[in-house]
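So you can see what is in the structure, the chains are spelled out below.
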Amino acid sequence: MSFSLEQQFMLEKPGILLSFEQLRLNFKLELRQLEHESHAMSSTLTALLQESIPIESKVQEIDSLVSRNRNLKKKMVQLREAEEMHIQRTRLRLQFINTLSQIEDLDSPEYLDWSRTRLNRLIADYMLANGYHDSAIKLCKNSDLFEMVDIDIYKRYQQILDSILRRELKEVLAWCAEHRSILKKISSTLELEIRIQRFVELVKSNKKVQAINFAKTYFGNWTKTHAGRLQQVAALLAIPYSTKISRYNEYLSDQRWDFLASLFSKTFSQVNCLSSVSILHIAIAAGLSSLKTPSCYNYEDAHNSHSFQSSAIRQCPVCTPNLSVLAQSLPYAHVTQSVIVDSLTGARLDSDNRPVALPNGHVYGIKSLIAWNEVNGTQEGYLKDPFSGKDYPSELLRKVYVV
Ligand SMILES: [Zn+2]
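Criteria and cut-off values
Position labels on residues start from 1 in each chain and follow its written sequence. Local features in a predicted model are, by the rule used here, given only for residues with pLDDT of at least 70; side-chain atom pairs are given and counted only at 80 or more, and totals for whole chains, interfaces and linings are based on all residues. UniProt positions are given in the numbering used here, feature names are shortened, and annotations may be inferred rather than shown by experiment. A run of H or I in DSSP becomes a helix once it reaches four residues, and a run of E becomes a strand once it reaches two; helices and strands are each numbered from the N terminus. Put simply, a nonpolar core is a cluster of buried Ala, Val, Leu, Ile, Met, Phe, Trp, Tyr and Cys residues tied together by C-beta atoms within 7 Å. Any residue whose C-beta has 12 or fewer other C-beta atoms within 10 Å is treated as exposed, any with 20 or more as buried, and any in between as partly exposed, C-beta atoms being built from the backbone. Whether two residues are in contact is decided by their C-beta atoms, placed from the backbone, lying within 7 Å. Think of each axis as a best-fit line through the C-alpha atoms, taken over the contacting stretch in the case of a helix, with angles from 0 to 180 degrees between the N-to-C directions. Our angle categories are set so that under 35 degrees counts as roughly parallel, over 145 as roughly antiparallel, 65 to 115 as roughly perpendicular, and the remainder as oblique. Throughout, the ten residues Ala, Val, Leu, Ile, Met, Phe, Trp, Tyr, Cys and Pro are labelled nonpolar, Asp, Glu, Lys and Arg are labelled charged, and all others, Gly among them, are labelled polar.

(A) Representation of the UniProt feature "zinc finger region: RING-Gid-type" (unreviewed entry) in the protein in the model. Annotation from UniProt places "zinc finger region: RING-Gid-type" (unreviewed entry) at residues 316–388. Structurally, residues 316–388 is divided into 23% helix and 12% strand, and its ends, taken at the C-alpha atoms, are 21 Å apart.

(B) Main features of the nonpolar core. Grouped together as the largest cluster of nonpolar side chains are 21 residues, with contacts concentrated most on L128, V172 and F264. Contributing elements (two or more residues each) for this core: helix 3 (109–129), helix 4 (133–140), helix 6 (151–165), helix 7 (170–178), helix 9 (190–204) and helix 13 (255–271). If we skip the residues at most four places from it in the chain, F264 touches I160, L161, I164, V172 and L190. Formed by nine residues, the second largest nonpolar core is a distinct cluster that contains L192, I196, L202 and A211.

(C) How the structure looks around the packing of helix 6 against helix 7. Running from N to C, helix 6 and helix 7 point in directions that differ by 135°, and their axes come no closer than 8 Å. The pairing of helix 6 with helix 7 is recorded here as oblique in orientation. Contacts between helix 6 and helix 7 involve Q159, I160, S163 and I164 from the former and E171, V172 and W175 from the latter. Looking at the contact of helix 6 with helix 7, its residues break down into four nonpolar, two polar and one charged.

(D) Up close: unusual backbone geometry. The backbone of R167 shows a phi angle near 70°, a positive value even though the residue is not glycine. In this fold, R167 is placed in the loop between helix 6 and helix 7. The class of R167 is exposed, set by 12 C-beta atoms lying within 10 Å.

This is how it looks when you write it as structure tokens:
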């Protein structure tokens, strides 16, 4: 069976975009560092040309320039190493999807290997995004998966998220500063909301003069685009802490920390091109939907794990207890041709394993029914119904024709 390369690429795209985005951010950091230092150096050297400066001071300035340059070199080496790492990761991810172009068959061992690696990566990504970092590291251990998942990014995400929930804003502000240009590009209000929270905390601690100074320093950049909102926030200076007016109360309430945490999560995903729903979830939902039929959930005996029927039901992934909840809201598969499967083995019924019915109406594949009876030692000339356990003479078996 063949597959569509485009469809497979959809699941790989976010990982490739993420590592490319990291490469872009790293490059910008290198550029900014160089521009900043070269500007500082050129202005210091220009100042040194003045004859009025004593020679000792000039020597001191040059010494400090040399030491600044040494630090710059160290920093650039670190950034260069990070760049190499991001290039290597991007290359590996592209090579991984490219391997598919050499695989033609979905049933081939090469595809099985490839899809197993991909499944592990999706699971590792899911665990990282949900804070199970140690488990993800264990899963990736001793394999190329370390290069395929973004442990550092998710660790940083978790640290910042935890710090917000601990009501600390330093780390998220540092993250905003690192990504300021992209946050501006996507018109993010995360930094504004964080600054507002700092202001609110000062108001809540009754440090009104400090709050006014804070507003003067940090709200200036936002007055053009968010004037109304800032006026509302400024009114908090005159509103009692116990106010019941909802538009003011929502700033003072503790629930604002949850709002900030969820705003950070959303912004982080946007900046890093991450899907808000995990790719593992999307892949499972797509798979379940392609298997879901109107017969799913139509069972009475699922709670009885010892019955044959419930074990047959467990062969349907949609009906398994762990996945049935997830599949409940999914649409049915668009199936234009019926496929009849053996209720004993789940294998497809065809001319080799044609369907037969016992007198009680239960239908099985002839091959698997005989094999099951042989294993269970049924008396010769008889066939036992695996479902009811009742014996029937073999000649009462009827062929089933599906029209
Ligand atoms: Zn089912």
